[in-house]
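Understanding the architecture of this molecule
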Amino acid sequence: MAADDASRVPAWLEPMLAKADGGRLRSGPEWAYEYKLDGYRAAMRIAPDGTTVLTSRNNIDFTAEFAELAGVLAPALDGQAAYLDGEVVVYGEDGRIDFERMQERRGRWVRHQSGPKGLEFTDVPVRFLAFDLLRLGDRSLLATPYDERRRLLAELPMPDPYRVSVVRAVTFDELAADRRTPADFLAHAGAAGYEGVVAKLRSSAYSPGQRPDSWLKHPLIRTQEVIVCGWRPGQRSFTGTLGGLLLGAHDPGTGDLVYIGDVGTGFSQAGRADLMEQLQAIERRTHPFATTPPREDTVRARWVEPRLVGEIVYRQFTRGGRVRHTAWRGLRQDKDPADVLAPRAGPPPEPAAPPPPSPEPPGQRITVQAGNRRLTLSNLDKVLYPAAGFTKGEVINYYSRVAAVLLPHLAGRPVTFIRYPNGVDGQKWFEKNVPKGAPDWLRTVRLAGSGGTIDYPLLDDLPGLVWAANMAALELHVPQWTVESGARRTPDRLVFDLDPGPGTTIVDCCRVAERLHDVLVADGLTPYAKTSGSKGMQLYCGIRTDDPAAPSAYAKRLAQRLARETPESVTAVMAKAQRTGRVFIDWSQNNPAKTTVAPYSLRGRDHPTASTPVTWEEVRTCRHVTHLTFTADEVLDRIDDHGDLLAGLTEAAALPG
């Protein structure tokens, strides 16, 4: 073989694409099923001498960016050329594919392109997951049926499966032999964190650049590529940074660039700053659309050249041509603005039903495995946070992923739910008693209350947490004591709830928290801080005491002391007339009858913010409310970075007398 032939990689082909299945997952022995992946579509093209080129779906060279993937398969091909179609992904610490980590890695790569060639990010390893084989040796497989292509792909040795592997595929017949259905496979995909399922006709050829009926995708979440056409400066808590983006896409019929709506949530603090810097560099005086957007949609808009492509999650595309209930996912440097088409309009949203009794009414249901239990989940695409487009499925996903650090703070503590079955804009209710229809395996405890006995749920494991999330129990509140053998134990935690009055914010709470920190340390205690997920924050200490009333008495003394020392900024009195311009130190949360929002619990606010443990350095440097405002996605990132910042609460110290 000539040297030129040996180093010649197979020519790039425009990838075959999957068509939406219209909400109906195809079923029958003619179909096979694969997981829908959440990464960057890529071709891995390998020459006979092992030279490897990685290329994006629009023929951008990825080889240098993902240099650790090049050459992995060459030793196993024994001098044969190969062309694999697949996806480059990044995994999170929970073992799930994590698109946001891929986005962060991509951003770092773009910023460091001028650095050393072959720059690698060993702290964020990537993996190529192949799902098709288009060439092997001198043989083109484009006309070969899917089943045969998959057989040849599965037979390829994988020398390093941590870097290159094959996406799992299963046929309808294989599912049936296991007494399972395509719906079961879809449920498993959802529980494992995949985007959805792709059904592929087993007899179909590979059609480059086409979107035929032989590949049909059934997404569990709806995503859309968008062109960033403008932005709005932030207001209130986001003053001085980016508030939202104005979005465009090309009309599939005319090719015109049209306005399709906006997005104002899903950004991290760093992401807002980075985006604003990029947008300021490409500003223009007028909008770039074929027709002028509605004036009410573009107040305070600043327009930019339509060069940047991003991705959003959305609930609906209206007949008026607008995406609704959106959340930002990140920039897509691998996509070309010319290829971004507006979605098709879907049916209008269903009218809101009145709040149901527990549990929720039947809807679309799937069965998932949570720990050692199988649970039936319903209405996963129901939006519970309309301003953010955050669905019940995403709530369940959040609580599943945060379980490892949340459950220790719930263990043995009776839980009070605040449920939002029709979302945060609908009616809510507090629920202490275990609702009717609760699973018989759920641990409970019966305790005396002011109106008689109450059967409280105990959320000690993942199944219980998922069950609660499926009931739209967004908020979880617990006391500062645990139960043992059906009886209350003495308190093991001391809490100070810092509530900012009118004219104050969490920034003022931080200044009070610093003072409390010093007093508590001087008394031999170790304080820990967390945000409330709403306006204020809490301080905790692990304690030992034999007197259930002692924590309240101690906390009250400290609160009154700080109020005496600085009456202009602190109050220990609950009366609203005393709270304007002051931070209220609510010492009464230590009363055995009271509860406080649990660490990592979501809150029923406009956006899916969560009660988030923070470091004392973050408390001391907080100068703006955004510094200590964290959404569910940001909390998960923080856990990756910090672990559980409240883990030390298990180390108890004697409560001062």
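Residues numbered from 1 in each chain as written. Predicted model: local features only at pLDDT ≥ 70, side-chain atom pairs only at ≥ 80, totals over all residues. Heavy atoms only, no water.

**Notes on the sheet that holds strand E25 (residues 416-419)**
Sheet strands line up and pair through hydrogen bonds in the backbone, either parallel or antiparallel. To be explicit about the condition: The criterion for strand pairing is that DSSP finds at least two bridges linking the strands in question. Under the DSSP-based scheme used, a helix requires at least four consecutive residues in state H or I and a strand at least two consecutive residues in state E, with every element numbered from the N terminus.
The strand order across the open sheet formed by 4 strands is E26-E25-E29-E37, and the pairing between neighbours is antiparallel. Of all the strands in the sheet, the pair left with one neighbour each is strand E26 (429-431) and strand E37 (596-597). Judged from the 4 bridges that link them, E25 and strand E29 (residues 473-478) form a sheet pairing that is antiparallel. Considered in E29, the bridge of Ile418 is made with Glu475.

**Brief notes about the pattern of salt bridges**
Side-chain pairs of opposite charge can arise where the charged atoms are in close proximity. Note the threshold: One speaks of a salt bridge when a side-chain nitrogen belonging to Lys or Arg is within 4 Å of a carboxyl oxygen belonging to Asp or Glu. Per-residue accessibility, obtained with a 1.4 Å probe over protein chains only, is compared with the maximum for each type, and a residue is labelled buried under 20%, exposed over 50%, and partly exposed between these values.
With the rule as written, the count across this model stands at 33 salt bridges. Two residues, Arg57 and Glu225, come together in a salt bridge whose shortest N-O distance is 3.7 Å. Separated by 168 residues along the polypeptide, Arg57 in the loop between strand E4 (52-56) and helix H2 (74-77) and Glu225 in strand E12 (residues 223-233) bring together distant segments of the chain. With a relative accessible area of 26%, Arg57 lands in the partly exposed category. The class of Glu225 is buried, set by a relative accessible area of 18%. Put simply, Arg151 and Glu148 hold a salt bridge, and the shortest N to O gap is 2.6 Å.

**Details of the side chain of His517**
The condition is simple: Any pair of nitrogen or oxygen atoms within 3.5 Å is treated as a polar contact; in protein, a donor-acceptor pairing is required on top of that, and neighbouring residues in sequence qualify only through side-chain atoms on both sides. Any two residues having at least one pair of non-hydrogen atoms within 4.5 Å are treated as being in contact.
Along the chain, His517 turns up in helix H10 (residues 506-522). Classification of His517 by relative accessible area gives buried; the value is 14%. Polar contacts involving the side chain of His517 include one to the side chain of Asp518, which spans 3.1 Å. Residues in contact with His517, not counting those within four places in the same chain, are Pro527, Trp616 and Arg620.

**Here's the deal with the packing of aromatic side chains**
To describe a pair of aromatic rings, you give the distance between the ring centres and the angle between the ring planes. Quick reminder of the rule: Only the six-membered ring of Trp is used, alongside the rings of Phe and Tyr, when aromatic pairs are assigned; centres must lie within 6.5 Å, and planes under 30 degrees apart are stacked while those over 60 apart are edge-to-face, with the rest tilted.
For the coordinates displayed, the defined rule picks out 12 aromatic pairs. Ring centres of Tyr40 and Phe62 lie 6.0 Å apart, and the angle between their planes is 20 degrees; on these two criteria the pair is classed as stacked. Taken together, the positions of Tyr40 in strand E3 (residues 40-46) and Phe62 in the loop between E4 and H2 put the pair 22 residues apart, joining distant regions of the chain. Under the relative-accessibility criterion, Tyr40 is labelled buried at 0%. A relative accessible area of 1% means that Phe62 is categorised as buried. Among the aromatic residues, ring-to-ring pairing joins Tyr33, Tyr35, Phe185 and Tyr194 into one connected group.

**Considering the pairing of strand E2 (residues 31-36)**
Here E2 lies mainly inside the structure; 6 of its 6 residues are buried. Summarising the sheet, E2 and strand E10 (residues 196-201) pair through 6 bridges and their orientation is antiparallel. Pairing of Tyr33 across the sheet is with Ala199, part of E10. Bridge count between E2 and strand E9 (residues 169-171): 3 bridges; the pairing is antiparallel. Looking across to E9, one finds that Ala32 is bridged to Thr171.

**Digging into the pairing of strand E21 (residues 365-370)**
When a strand is regular, its side chains alternate between the sheet's two faces. Of the two faces of E21, the one lined by Ile366, Val368 and Ala370 is fully buried and the one lined by Arg365, Thr367 and Gln369 carries no buried residue. In terms of strand pairing, E21 meets strand E22 (residues 373-378) through 6 bridges, oriented antiparallel. When the bridges of E22 are listed, Gln369 appears paired with Arg374.

**A look at the sheet that holds E2**
Definition in use: Working convention: axes come from line fits to C-alpha atoms, limited for helices to the stretch in contact. Angles between N-to-C directions cover 0 to 180 degrees.
Here 5 strands make up an open sheet; going across it, the order is E1-E11-E10-E2-E9 and the pairing mixed. Every other strand in the sheet has two partners, leaving strand E1 (19-20) and E9 as the edge strands with one partner each. Its contacts with the sheet place helix H4 (residues 146-155) against E2, E9, E10 and strand E11 (215-219), and it is angled at close to 55 degrees to E2. Packed onto the sheet, helix H6 (residues 182-191) meets E2, E9, E10 and E11 and runs at close to 10 degrees relative to E2.

**Concerning the confidence of the model for the protein chain**
Here is the rule we go by: On a scale of 0 to 100, pLDDT captures the predictor's confidence in every residue.
Per-residue confidence for the protein chain averages 88 on the pLDDT scale, and 92% of its residues sit at or above 70. Low pLDDT, under 50, characterises residues 346-363; the stretch is placed with 34 contacts to residues that sit more than four places away or in other chains.

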